[in-house]
Amino acid sequence: MRASDLVPGRAMRVLERDALVYRRQWMIFLSGLLEPLLFLLSIGIGVGGLVGKVPGPGGDLVPYREFVAPGLLAVSAMNGAVLDTTFMFFIKLKYWGTFETMLSTPLTPGDVVVGAVLWSVVRGAVYSACFLVTMAVLGLTPSPMAILALPAAILVCWAFAGAGAGGAAFMRSYFDFDFVNAVIIPSFLFSAVFFPLSRYPEWLQRIVQVTPLYQGVALCRDLTFGHIELASLGHAVYLVAMGAAGLAVASRRLVIRLTP
């Protein structure tokens, strides 16, 4: 995607269009808000009473409910962003002809993809903000710096929205969504959301440390506890680069698939 192919104002029109469409589908938003909240209440608080304390950022022992909450915040951000830039992106591209219609206007493929990704980021940011407020109400924000976990969650949204769009641009049928689940479900289970990284076997730790969701989990957890180090910057750079790469791939694929 070349900079000359993208006009920010036009990309915002795509975002505005998606926002207007979802204005009458508020139940979809509600379901996205409830899922991570239920995880937080059941696993973070219910199971947390049985687990006790675990090593947190910096190695200090922290209550399990405080440990798991930032991880679930990152998961909430990921889920909020992935839905629109995988399933909905594919439907608009393959069946509804939404993107093809957009390209009959002055919009470029870059405008369309950036607008779609930005809407997914906005959606994920809403989920993340509500989740962080819930954490604060339940007393799961041990540091005042926890407010910075919201920008961190938005970076998670950006990374997975870009990657989701890039992957969806290659999909040919509904069966390809099995690949999405093959990535999302293991990420959810093996990205140090529920257990400290030190609890994994050493060989698995190396794999986990290079996965996208782990970057978001570690960054949200560091900021929630006010434990910032050089590695935190590395997590942020990783997420920014991941989203930008996915955006470039999706734009290029849209050109190939929809332009003569």
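Observations regarding helix α10 (residues 230-258)
The first and last C-alpha atoms of α10 sit 43 Å apart over 29 residues, in line with the 42 Å expected at 1.5 Å per residue. Of the residues making up α10, those classed as buried are Ser-232, His-235, Ala-236, Leu-239, Met-242, Gly-243, Gly-246, Leu-247, Ala-250, Ser-251, Arg-253 and Leu-254.

A short note on helix α9 (residues 212-224)
Counted at 1.5 Å a residue, the expected span for α9 with its 13 residues is 18 Å, and the 19 Å between its end C-alpha atoms agrees. When you tally the buried positions in α9, you get 12 out of 13 residues, the bulk of the element. Downstream of α9 by a residue or two, Gly-226 has a phi angle that is positive, lying close to 70°.

Overview of the pattern of salt bridges
The full count for this structure, using the stated rule, is six salt bridges. Its salt-bridge partner being Glu-16, residue Arg-13 comes within 3.0 Å of it at the nearest N-O pair. Taken as a pair, Arg-13 and Glu-16 lie in helix α1 (residues 8-22) at a separation of three residues, close to a single helical turn. In this structure Glu-16 comes out as partly exposed when scored by relative accessible area, which is 39%. The salt bridge involving Asp-84 is made with Arg-123; its shortest N-O contact spans 2.6 Å. In this pair, Asp-84 sits in helix α3 (residues 64-96) while Arg-123 sits in helix α5 (residues 109-137), placing the two residues 39 residues apart along the sequence. Each member of the pair, Asp-84 as well as Arg-123, is classed as buried. Members of the salt-bridge network, linked through shared partners, are Arg-17, Asp-18 and Lys-92.

Details of the confidence of the model for the protein
Here the protein shows a mean pLDDT of 85. Residues at 70 or above account for 90%. Within the protein, the lowest mean pLDDT, 70, falls on helix α2 (residues 26-51), and the highest, 95, falls on α9. For the stretch residues 1-5, pLDDT sits under 50, and the model shows eight contacts to residues farther than four places along the chain or on other chains.

Quick word on the side chain of Asp-18
Assignment of secondary structure puts Asp-18 in helix α1. Engagement of the side chain of Asp-18 in a polar contact is seen with the side chain of Lys-92, the distance being 3.0 Å. Leaving out residues up to four positions away in the same chain, Asp-18 has contacts with Lys-92, Gly-115, Ala-116 and Trp-119.

Examining a nonpolar patch on the surface
Where nonpolar side chains cluster on the molecular surface, the patch consists of Leu-34, Leu-38, Leu-41, Val-133, Val-137 and Leu-138 and spans about 550 Å² of accessible area. Listed by contribution, the elements that provide at least two residues to the nonpolar patch are α2 and α5. In this structure, Leu-41 sits in helix α2.

Notes on the nonpolar core
Core analysis: the biggest nonpolar cluster contains 65 residues, and Leu-72, Leu-73, Phe-89, Met-135, Phe-194 and Leu-213 have the highest contact counts within it. Sorting elements by how many residues they give to this core places α3 first, with 16 residues. Excluding residues within four positions of it along the chain, Phe-89 makes contact with Asp-84, Phe-99, Val-113, Ala-116, Ala-165, Ala-168, Ala-169 and Leu-254. Ala-192, Tyr-200, Leu-204 and Val-208 belong to the second-largest nonpolar core, a separate cluster that totals seven residues.

Let's talk about the packing of α3 against helix α6 (residues 149-168)
Viewed as axis vectors pointing N to C, α3 and α6 meet at an angle of 25°, and their least axial separation amounts to 8 Å. Here α3 lies roughly parallel to α6, going by the angle between them. Considering how the two elements wind past one another, α3 and α6 form a crossing that is right-handed. Contacts between α3 and α6 involve Leu-73, Ala-74, Ala-77, Met-78, Ala-81, Val-82, Thr-85, Thr-86, Phe-89, Phe-90 and Leu-93 on the former and, on the latter, Ala-149, Ala-153, Val-156, Cys-157, Phe-160, Ala-161, Gly-164, Ala-165 and Ala-168. Grouping the constituent residues of the contact of α3 with α6 by class yields 17 nonpolar, three polar and no charged.

Criteria and thresholds
- Residues numbered from 1 in each chain as written.
- Predicted model: local features only at pLDDT ≥ 70, side-chain atom pairs only at ≥ 80, totals over all residues.
- Heavy atoms only, no water.
- Helix = DSSP H or I, 4+ residues; strand = E, 2+ residues; numbered from the N terminus.
- Expected span 1.5 Å × (residues − 1).
- Buried < 20%, exposed > 50% of the residue type's maximum accessible area, 1.4 Å probe, protein only.
- Salt bridge = Lys/Arg side-chain N within 4 Å of Asp/Glu carboxyl O.
- pLDDT = per-residue confidence, 0-100.
- Contact = heavy atoms within 4.5 Å.
- Polar contact = N/O pair within 3.5 Å; in protein donor to acceptor, adjacent residues only side chain to side chain.
- Patch = residues over 30% accessible without salt bridge, like charges linked within 9 Å, V, L, I, M, F, W, Y side chains within 5 Å.
- Areas by Shrake-Rupley, 256 points an atom, 1.4 Å probe, with all protein chains shown as cover.
- Core = buried A, V, L, I, M, F, W, Y, C linked by side-chain atoms within 4.5 Å.
- Axes fitted to C-alpha atoms, helices over the stretch in contact; angles between N-to-C directions.
- Parallel < 35°, antiparallel > 145°, perpendicular 65-115°, else oblique.
- Left-handed = near helix turned anticlockwise from the far one by under 90°.
- Nonpolar A, V, L, I, M, F, W, Y, C, P; charged D, E, K, R; others polar.

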